[in-house]
Amino acid sequence: MTKIDLSRLQTEGRNPASENIDMLSTMDMLKVINQEDQKVALAVERVLPQIAQAVDAIAAAFMNGGRLIYSGAGTSGRLGILDASECPPTYGTPAEQVVGLIAGGHKAILKAVENAEDNAGLGQQDLRDLNFGANDVLVGIAASGRTPYVIGAMEHARSTGATVISLTCNSGSAMSQLADIAIEPVVGPEVVTGSSRMKAGSAQKMVLNMLTTGAMIRTGKVYGNLMVDVEATNAKLVQRQINIVMQATECEREAAIDALAACNGHCKTAIVMILAGLEAADAAALLAQNHGFIRQTLQSTRG
């Protein structure tokens, strides 16, 4: 195993703002944490151009039938899984379109699996098991930028010709050098030295939110700022669907309920039905012709 000098990593540095945090009152302790957290959004702002490139690459993959795969270990892996798991209920995507992989497998979501992150071969094998190919996109996630499991996955992804993206919190890392698009929100030393679940984890979560949200918007799953592909899997989401149709069309509640009932609870179809004055089957067919984009569908009815 290659010896790593952690002291050279920005995420492993000692933060002078918190050197005496164990001597502070609870309120002052929290103020230090909060002041450090405020730096996270600014770090993310500095890498918006790279995030935009990544969003466009992911959206293009989706439109071409490809997938977004996250690879990470520990906190980074769990954040990828969290982001992936929220896509189906929010945007109606199939579970296999956005997938999170973590070193050590599913059991590592709840409890650390010793040495799994140091095994580059596992990262490669996990991608092979998914039949990862050139149409897919891999995002390797690691605050340090040097996790062997993730590097193994990135190397395999590169060998397929797929787009490879890195998300790290140290500049110029090994992962960044492997990536087609390197996203590096450098947040600096943590309040508790080396605890990269804190600022680094927050930065990673913000970027992952942007990647999937941006790609979903680019692929027509948002109309205005409404999540028009939301699945109604519980009572709250049934009500959300009704509210979305009402907000999108400015119709009465009963009209929204009737339209949703006519199209088996598909928000997009219900919206097009109401705004274009169409029956459910015709609205669904037009949406399919326009790749699910509501605005283009409505424009086609006015031509």
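Residues numbered from 1 in each chain as written. Predicted model: local features only at pLDDT ≥ 70, side-chain atom pairs only at ≥ 80, totals over all residues. Heavy atoms only, no water.

Trainee: What should I look at first to understand the UniProt feature "active site" (unreviewed entry) in the protein in this one?
Mentor: Cross-referencing UniProt, the feature "active site" (unreviewed entry) maps to Glu86 and Glu117 in the present numbering. The greatest C-alpha distance among the annotated residues, which extend across 32 residues, is 24.2 Å, indicating that they are dispersed rather than converging on a single site. Inspection of the secondary structure assignment puts Glu86 in helix α3 (residues 74–91). With a relative accessible area of 41%, Glu86 lands in the partly exposed category. Non-local contacts of Glu117, meaning those with residues more than four positions away in its chain, are made with Ala73, Ala103, Arg146, Thr147, Pro148 and Tyr149. (UniProt positions renumbered as here; feature names shortened; annotations may be inferred. Helix = DSSP H or I, 4+ residues; strand = E, 2+ residues; numbered from the N terminus. Buried < 20%, exposed > 50% of the residue type's maximum accessible area, 1.4 Å probe, protein only. Contact = heavy atoms within 4.5 Å.)

Trainee: I tried to follow the sheet that holds strand β2 (residues 98–102) on my own but got confused; where do I start?
Mentor: Within a sheet, each strand pairs with its neighbour through backbone hydrogen bonds, oriented either parallel or antiparallel. With parallel pairing, the five strands of this open sheet are ordered in space as β2-β1-β3-β4-β5. The open sheet has two edge strands with one neighbour each: β2 and β5 (181–183). Direction aside, the axes of adjacent strands within the sheet are offset by 20° on average. Relative to strand β1 (residues 68–72), helix α7 (residues 199–218) is tilted by about 170°, and along the sheet it contacts β1, β2, β3 (137–141), β4 (163–167) and β5. (Pairing = 2+ DSSP bridges. Axes fitted to C-alpha atoms, helices over the stretch in contact; angles between N-to-C directions.)

Trainee: I'm lost on the packing of helix α8 (residues 235–249) against helix α9 (residues 253–262) in this one. Help?
Mentor: Interhelical geometry of α8 versus α9 gives an angle of 115° and a closest axis separation of 9 Å. The angle between the axes of α8 and α9 places the two elements in the roughly perpendicular class. Our pair here, α8 against α9, has a crossing hand that is right-handed. Of α9, the residues touching α8 (which contributes Gln239, Gln241, Ile242, Val245 and Met246) are Arg253, Ala256, Ile257 and Leu260. When grouped by side-chain class, the residues that make up the contact of α8 with α9 number six nonpolar, two polar and one charged. (Parallel < 35°, antiparallel > 145°, perpendicular 65-115°, else oblique. Left-handed = near helix turned anticlockwise from the far one by under 90°. Nonpolar A, V, L, I, M, F, W, Y, C, P; charged D, E, K, R; others polar.)

Trainee: What's the story with the domain arrangement of the protein in this structure? I'm lost.
Mentor: For interface size, the figure often reported is the accessible area lost on association. Looking at the protein, the domain boundaries give domain 1 (10–219) and domain 2 (222–301). If you average the C-alpha positions of domain 1 and of domain 2, the two centres end up 34 Å apart. The interface is formed by 10 residues belonging to domain 1 together with seven residues belonging to domain 2. The largest contributions to the domain 1 side of the interface with domain 2 come from Pro89, Thr90 and Tyr91, which together make up 47% of the buried area. Seen at the junction of domain 1 and domain 2, the total is zero salt bridges. For the pair domain 1 and domain 2, the number of links is two residue pairs in polar contact (both at pLDDT 80 or more). Listed by contribution, the elements that provide at least two residues to the side of domain 1 that touches domain 2 are α3 and α7. The dominant element in the side of domain 1 that touches domain 2, judged by the number of residues it contributes, is α3, at four residues. (Domains from an automatic or database assignment. Buried area = accessible area lost by both parts, 1.4 Å probe. Salt bridge = Lys/Arg side-chain N within 4 Å of Asp/Glu carboxyl O. Polar contact = N/O pair within 3.5 Å; in protein donor to acceptor, adjacent residues only side chain to side chain.)

Trainee: What exactly am I supposed to notice about the pattern of salt bridges here?
Mentor: Charged atoms that come close allow side chains of opposite charge to pair. Summed over all chains, the structure comprises five salt bridges. With its nearest N and O atoms 2.7 Å apart, the salt bridge here joins Lys199 to Glu36. Taken together, the residues span a long stretch of sequence, with Lys199 in helix α7 and Glu36 in helix α1 (residues 26–45) at a distance of 163 residues. Exposure class is identical for Lys199 and Glu36. Each is buried. Connected through salt bridges with shared partners, the residues Glu36, Lys39 and Lys199 form a single ionic network.

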